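Geometric and topological summary
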Amino acid sequence: MTAVEPVTADAGRDFIRDIVQADLESGRHKQVVTRFPPEPNGYLHIGHAKSICLNFGVAEEFGGRCHLRFDDTNPTKEEQEYIDAIEADVRWLGFDWGQHLYHASDYFERLFEWAEHLIRAGKAYVDDQSQDEMRASRGTLTEPGRNSPFRDRGVEENLDLFRRMRAGEFPNGARVLRAKIDMTSGNINLRDPVLYRILHATHPRTGTEWKIYPSYDYAHGQSDAIEGITHSICTLEFEDHRPLYDWFLDNLPVPSHPHQYEFARLNLTYTVLSKRVLNALVKGGHVSGWDDPRMPTLAGIRRRGVPPAALRDFVKRIGVAKANSLVDLGVLDFSIREVLNKSAQRRMAVLRPLKVVIENYPESQGEELEAVNHPDDPAAGTRRIRFGPEIFIEQDDFMENPPKKFFRLSPGAEVRLRYAYFITCREAVKDAAGNVVELRCTYDPATKGGNAPDGRKVKATIHWVSAKDSVPAEVRLYNPLFTKPEPDVSNFVNDLNPNSLEVLAEARVEPSLVQGNSPEPVQFERQGYFCLDPDSQPGRPIFNRTVGLRDTWAKIQGAG
RNA sequence: UGGGGAAUAGUUCAACGGUAGAACAGCGGACUCUGACUCCGUUAAUCUAGGUUCGAAUCCUAGUUCCCCAGCCA
């Protein structure tokens, strides 16, 4: 009862944490125990990250623990691949469940015994109705349901049938075990919910041992109770399951009675976080896989180069509440930049090259110049970069007829080449079609390193790479997967963004970017943050744009 | 027409009967060898109508709007 204040200093406050703190202060609980309970039927996405950060975060902040528990009660949808991926994703996000890895399937035997307990107490029965009959007698939202003709079966008959269900004597769908609660309840979850269904399927963990499987409602709360969960945190759609959650715990000899609390799930603009749709995206070949960098999955986000700290920062920023909300994707971008700006080393890369010939540069062999790796972190050191008579600059950094406020290169204009020299554009060379294909420039030898001894200023500094020494690379730019802030989930293909992936095959990058072959994210100066993609081949590096830098110039142009 | 929830700046979240505040976005400016970063300034909100109270975003009443529930999915 001593340490009720959160252990972690800046643990954001929300109604869940308020409840936990109050429970600790009042002595209702001595230690907080939470759990993250994914069903292994797909990959984790950013919405899960919110739940993971909440559950593990609360436990961490209040000195408790958080379990990882697989809700593996439906073998027809679950696979080992997902189990492995989920564990890897939670670890990557930065959380550790220690020894507390569990599965609902660990409790199948106990759940079965408890089902018999309910039968003996006259609170559960085997129903022989077909699925259609059950649906018909369940009633509607406004009309009460009718009792099943099998509802008043005797205890012994129920026990016998239930055991034969387990023994595999009946085919799928032949019978179910139902709780006997109230077919007239306004809460449809209380109209004799199904506890067990017959499923002749192979379970990733229990194999073919079981022919019947517990439903979510029947398994979840009891699993919580077995593990001594104090605060069972889930999303809003389970709010009206809570009376059922409590009914089981009140009617079974469980070792503890956890409490369920619900929060609003995450929604993001231009993003779909429905497992059904994400699955269809992968299976339908609309993306390259679960880890396609355009996917909102943790695997995709990771491959795009987003550091886990950025995700944690994002989750902290959006808060936790009970109101449905739609978070602007820009908030995620902000969190990513926030983290990467501090950690990513700077490099130069030209995405859409435009050749520049420096006419008065005397040394055909070029020279080496020094560049800092991180402007705010001297400890990051410096590196040498090659300069030469021919370089590439960004096509966007030249305009033949510049509008006012355009500070970069144009005929007659002078700019600084970062870490190199001032150059002045003398001529734009065009091809037959009138496209600018090359710039003829002159440089000022006195400005070596980037400063003019005469104190002369330039309005812009642009990045560049040596034509001879830079290496070719492919750069993949990612845009939102959907064209609408709120894509139509029932017809998502219509809202798919045809420009979600933009491949730049002719990019040129500093050689230092491929020497280390390190997976560390870097900033391409004036462009954004990038990371090496696993598709890279020797001699053919591929970079993913994690997120672009803020681009005030683009905004000015867009407005004009 | 049943049951369960939610409504505060453009967005997300605070304020727990006592000065409506933050972050993101926006706008303006400073700085700058990244039109980045950083810094400064600024626009902007209590769903509606009544009531209780010295005082209401907060309590009460009646509405309005939005979300979830009729799987042998979770």
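Residues numbered from 1 in each chain as written. Chains lettered and ligands numbered in written order. Predicted model: local features only at pLDDT ≥ 70, side-chain atom pairs only at ≥ 80, totals over all residues. Heavy atoms only, no water.

Turning our eyes to something else, we now look at the overall build of chain A. Along its length, chain A carries 14 helices and 25 strands. Taken against the 2.2 N^0.38 rule, which gives 24 Å for 560 residues, the C-alpha radius of gyration of chain A at 31 Å runs more than 25% over that of a compact globule. Counting all 560 residues of chain A, 53% fall into the buried class. The long-range share in chain A, meaning contacts at least 24 apart out of those at least 6 apart in sequence, stands at 71%. With an accessible surface of roughly 25,000 Å², chain A has 48% of that area assigned to carbon and sulfur atoms. For chain A, the distance from the average site of its 71 positive side-chain charges to the average site of its 81 negative ones is 3 Å. (Helix = DSSP H or I, 4+ residues; strand = E, 2+ residues; numbered from the N terminus. Rg over C-alpha atoms; globule rule 2.2 N^0.38 Å. Buried < 20%, exposed > 50% of the residue type's maximum accessible area, 1.4 Å probe, protein only. Contact = heavy atoms within 4.5 Å. Areas by Shrake-Rupley, 256 points an atom, 1.4 Å probe, with all protein chains shown as cover. Lys, Arg positive; Asp, Glu negative; His and termini not counted. Charge placed at Lys NZ, Arg CZ, Asp CG, Glu CD.)

Next up on the list: the protein's contact with RNA strand B. With respect to spatial proximity, 65 residues lie near RNA strand B, and among them Arg 346, Arg 408, Arg 416, Gly 449 and Thr 552 are the closest. When atoms of RNA strand B within 4 Å of the protein are sorted by moiety, sugar and phosphate together comprise 61%. Here Tyr 216 contributes a backbone N or O atom positioned 2.9 Å from a phosphate oxygen of RNA strand B. The contact in question runs from a phosphate oxygen of RNA strand B to an N or O atom on the backbone of Val 320, over 3.2 Å. Elements represented by at least two residues in the surface near RNA strand B include exactly helix H5 (131-137), strand E6 (194-198), helix H11 (308-318), helix H12 (329-343) and helix H14 (552-559). For the surface near RNA strand B, the per-class residue count stands at 21 nonpolar, 22 polar and 22 charged. (Near = heavy atom within 4 Å. Polar contact = N/O pair within 3.5 Å; in protein donor to acceptor, adjacent residues only side chain to side chain. Nonpolar A, V, L, I, M, F, W, Y, C, P; charged D, E, K, R; others polar.)

We now examine the confidence of the model for chain A. Of the residues in chain A, 97% have a pLDDT of 70 or more, and the chain-wide mean is 96. Contacts from residues 7-11, a stretch scored under 50 in pLDDT, to residues over four places away or in other chains number 9 contacts. This prediction of the complex comes with two scores: 0.96 for pTM and 0.98 for ipTM. (pLDDT = per-residue confidence, 0-100.)

Let us look at the domain arrangement of chain A. As far as domains go, chain A holds domain 1 (31-263), domain 2 (275-343 + 473-559) and domain 3 (347-469). Computed over C-alpha atoms, the centres of domain 1 and domain 2 are 36 Å apart. Contact with domain 1, which involves 24 residues of that partner, is made by 25 residues of domain 2. On the domain 1 side of the interface with domain 2, the three residues burying the most area are Tyr 43, Ile 46 and Trp 92, jointly 34% of the side's total. The interface formed by domain 1 and domain 2 holds 3 salt bridges in total. One salt bridge connects Lys 322 with Glu 239, and the closest N-O pair in it is separated by 2.4 Å. On the surface where domain 1 and domain 2 come into contact, there are 7 residue pairs in polar contact (both at pLDDT 80 or more). Looking at the side of domain 1 that touches domain 2, the elements with two or more residues in it are helix H2 (46-61), helix H3 (80-93) and strand E9 (259-263). (Domains from an automatic or database assignment. Buried area = accessible area lost by both parts, 1.4 Å probe. Salt bridge = Lys/Arg side-chain N within 4 Å of Asp/Glu carboxyl O.)

Take empty space enclosed by the protein next. The tally for this structure, following the rule as stated, stands at 1 cavity of 30 Å³ or more. Together, Tyr 216, Asp 217, His 220, His 241, Leu 244, Tyr 245, Phe 248 and Gln 260 line the largest cavity. Elements represented by at least two residues in the lining of the largest cavity include exactly helix H7 (216-227) and helix H8 (242-251). Of the residues belonging to the lining of the largest cavity, the class tally is 4 nonpolar, 3 polar and 1 charged. (1 Å grid on protein atoms, 1.4 Å probe; cavity = no way out; pocket = protein on both sides within 12 Å on 5 of 7 lines; lining within 4 Å. Points joined across faces, edges and corners; volume = space filled by probe spheres on them.)

Further remarks concern the sheet that holds strand E21 (residues 471-478). Strand order in the open sheet formed by 7 strands is E10-E23-E24-E25-E21-E22-E11, and the pairing between neighbours is mixed. Strands with a single pairing partner mark the edges of an open sheet, and in this sheet they are strand E10 (345-347) and strand E11 (349-350). As paired elements, E21 and strand E25 (residues 542-548) share 3 bridges and run parallel to each other. Bridging from a neighbouring strand, Arg 476 pairs with Asn 544 of E25. Relative to E25, H12 is tilted by about 115°, and along the sheet it contacts E10, strand E24 (528-532) and E25. (Pairing = 2+ DSSP bridges. Axes fitted to C-alpha atoms, helices over the stretch in contact; angles between N-to-C directions.)

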